Amino acid sequence: PTDWAKRREERFKLDGFRCVGRTLEGRRCPAPAEECDHVGNKHDHSLENLRSLCKDCHQAHTQQQAAVARMKKRKEISGRFRRTEDHPGSVKK
């Protein structure tokens, strides 16, 4: 949106200018906020759908989303090539 900078700054203020990501131990990340990320729908720019993250937490979240998308795509593709009949050389018991 045209007022992205204003929305980003407002989200940073609401989060205390700190990353809201979590460490492996479950604690809040101590790093300062550098990037604004969408929680859900990437087209919804409301403050409720945004969160403040540091670069490392944002990258980790993006990589996790990409891995889920890759696995979904692999599953979809592998389902296209499933045999519905026995292999001609298989031994029937």
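Residues numbered from 1 in each chain as written. Predicted model: local features only at pLDDT ≥ 70, side-chain atom pairs only at ≥ 80, totals over all residues. Heavy atoms only, no water.

Participant: I'd like a rundown of the overall build of the protein, residues and numbers included.
Facilitator: Helix and strand counts for the protein stand at 2 helices and 2 strands. In the protein, the succession of α and β elements from N to C terminus is α-β-β-α. A compact globule built from 93 residues would reach a C-alpha radius of gyration of about 12 Å, whereas the protein, at 21 Å, exceeds it by more than 25%. By principal-axis analysis of the C-alpha atoms, the protein measures approximately 70 × 35 × 15 Å. Only carbon and sulfur atoms are counted for the fraction: they give 53% of the accessible area of the protein, which is about 7,600 Å². For the protein, the distance from the average position of its 22 positive side-chain charges to the average position of its 14 negative side-chain charges is 7 Å. (Helix = DSSP H or I, 4+ residues; strand = E, 2+ residues; numbered from the N terminus. Rg over C-alpha atoms; globule rule 2.2 N^0.38 Å. Areas by Shrake-Rupley, 256 points an atom, 1.4 Å probe, with all protein chains shown as cover. Lys, Arg positive; Asp, Glu negative; His and termini not counted. Charge placed at Lys NZ, Arg CZ, Asp CG, Glu CD.)

Participant: An account of helix H2 (residues 55-80) is requested, with residue identities and associated values reported.
Facilitator: Between its first and last C-alpha atoms H2 spans 38 Å; for 26 residues at 1.5 Å apiece the expected length is 38 Å, and the two agree. Those residues of H2 that fall on the buried side of the exposure criterion are Cys57, His58 and His61. Looking at the packing, one finds that the buried side of H2 touches strand S1 (35-38) and strand S2 (50-53). (Expected span 1.5 Å × (residues − 1). Buried < 20%, exposed > 50% of the residue type's maximum accessible area, 1.4 Å probe, protein only. Contact = heavy atoms within 4.5 Å.)

Participant: Give a description of the environment of His45 that names residues and reports values.
Facilitator: Checked against the element boundaries, His45 lands in the loop between S1 and S2. Taking the C-alpha atoms as reference, His45 lies 18 Å from Ala33; in sequence the two are 12 residues apart. Sequence-distant contacts of His45, that is, excluding residues within four places in its chain, are made with Pro1, Trp4, Arg7, His38 and Leu50.

Participant: Give a detailed account of the nonpolar core, specifying residues and quantitative values.
Facilitator: With 5 residues, the main nonpolar core is built from Cys19, Cys29, Leu53, Cys54 and Cys57. With near-sequence residues (within four places) excluded, Cys19 lies in contact with Arg28, Cys29, Ala31, Pro32, Ala33, Ser52, Leu53, Cys54 and Cys57. (Core = buried A, V, L, I, M, F, W, Y, C linked by side-chain atoms within 4.5 Å.)

Participant: Residues and numbers for the pattern of salt bridges, please.
Facilitator: Here the structure, examined in full by the defined rule, presents 5 salt bridges. The partner of Glu76 in a salt bridge is Lys73, with the nearest N and O atoms 3.7 Å apart. Linking Glu76 with Lys73, this pair stays in helix H2, spanning 3 residues, or about one helical turn. (Salt bridge = Lys/Arg side-chain N within 4 Å of Asp/Glu carboxyl O.)

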